[in-house]
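# Analysis of the macromolecular model
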Amino acid sequence: MKKPIHNISAFLSGPRKKMLLSLFSFLLYVGLFNFLYFTTGSGMAITAIIPVVFIAWLYGMIPGVVAAALTLPANFLLSLAFGVPWWEKIFMGGAGISGTVTSIVVAALIGRMH
């Protein structure tokens, strides 16, 4: 029988801490995407850098670059979920591709510094 954990720092140590921080960063990304869309109507895709930075710092360069490459489909799916006119916002202005490339560069730099 497992002993109950009474010490929160023991509970949040090791790989569990990394996973919870990654999940928190993703939820923060989704929340800020939603907030920015409904308040300003623009600038939502930049929030994808939050989980990219967290993942690159916590797990290193390769997982960070993979997370950065997934920002384009993630922004696309969130745009569809919130009813954002995604074609104009992501592809027509070229922000989707350039934002993803920038996220990859940032993830590589932060992951390498880790």
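Residues numbered from 1 in each chain as written. Predicted model: local features only at pLDDT ≥ 70, side-chain atom pairs only at ≥ 80, totals over all residues. Heavy atoms only, no water.

## Looking at the confidence of the model for the protein
So the rule is basically this: Note: pLDDT gives the predictor's confidence per residue, expressed from 0 to 100. A run of DSSP states H or I qualifies as a helix once it reaches four residues; a run of E qualifies as a strand once it reaches two. Both are numbered from the N-terminal end.
Residue-level pLDDT values for the protein average 84, and 82% of them are 70 or greater. Ranking the helices and strands of the protein by mean pLDDT puts helix α4 (residues 61–69) first, with 96, and helix α1 (residues 8–11) last, with 58.

## Describing the packing of aromatic side chains
Here is the rule we go by: Only Phe, Tyr and Trp rings are paired, with Trp represented by its six-membered ring, and only when their centres lie within 6.5 Å; those with planes under 30 degrees apart are stacked, over 60 edge-to-face, the remainder tilted. Burial here depends on accessible area, computed with a 1.4 Å probe over protein chains only, as a share of the maximum for the residue type. Under 20% is buried, over 50% is exposed, and the range in between is partly exposed.
Here the structure, examined in full by the defined rule, presents five aromatic pairs. With a centroid separation of 6.3 Å and an interplanar angle of 80°, the aromatic rings of Y29 and F33 are classed as edge-to-face. Of this pair, Y29 and F33 both sit in helix α2 (residues 15–39), four residues apart, roughly one helical turn. Classification of Y29 by relative accessible area gives buried; the value is 2%. The class of F33 is buried, set by a relative accessible area of 1%. A connected cluster of aromatic rings, assembled from ring pairs, spans F26, Y29, F33, Y37, F38 and F82.

## Points about α4
Selection criterion: Throughout, the arc means the angular range of directions from the helix axis out to the C-beta atoms. When checking whether two residues touch, look at their non-hydrogen atoms; a contact exists if any pair is within 4.5 Å.
Burial in α4 covers these residues: G64, A67 and A68. Viewed end-on, α4 has its buried residues packed into an arc of 100°, placing them on one side of the element. Taken together, the buried residues of α4 touch α3 (49–59), α5 (71–82) and α7 (95–113).

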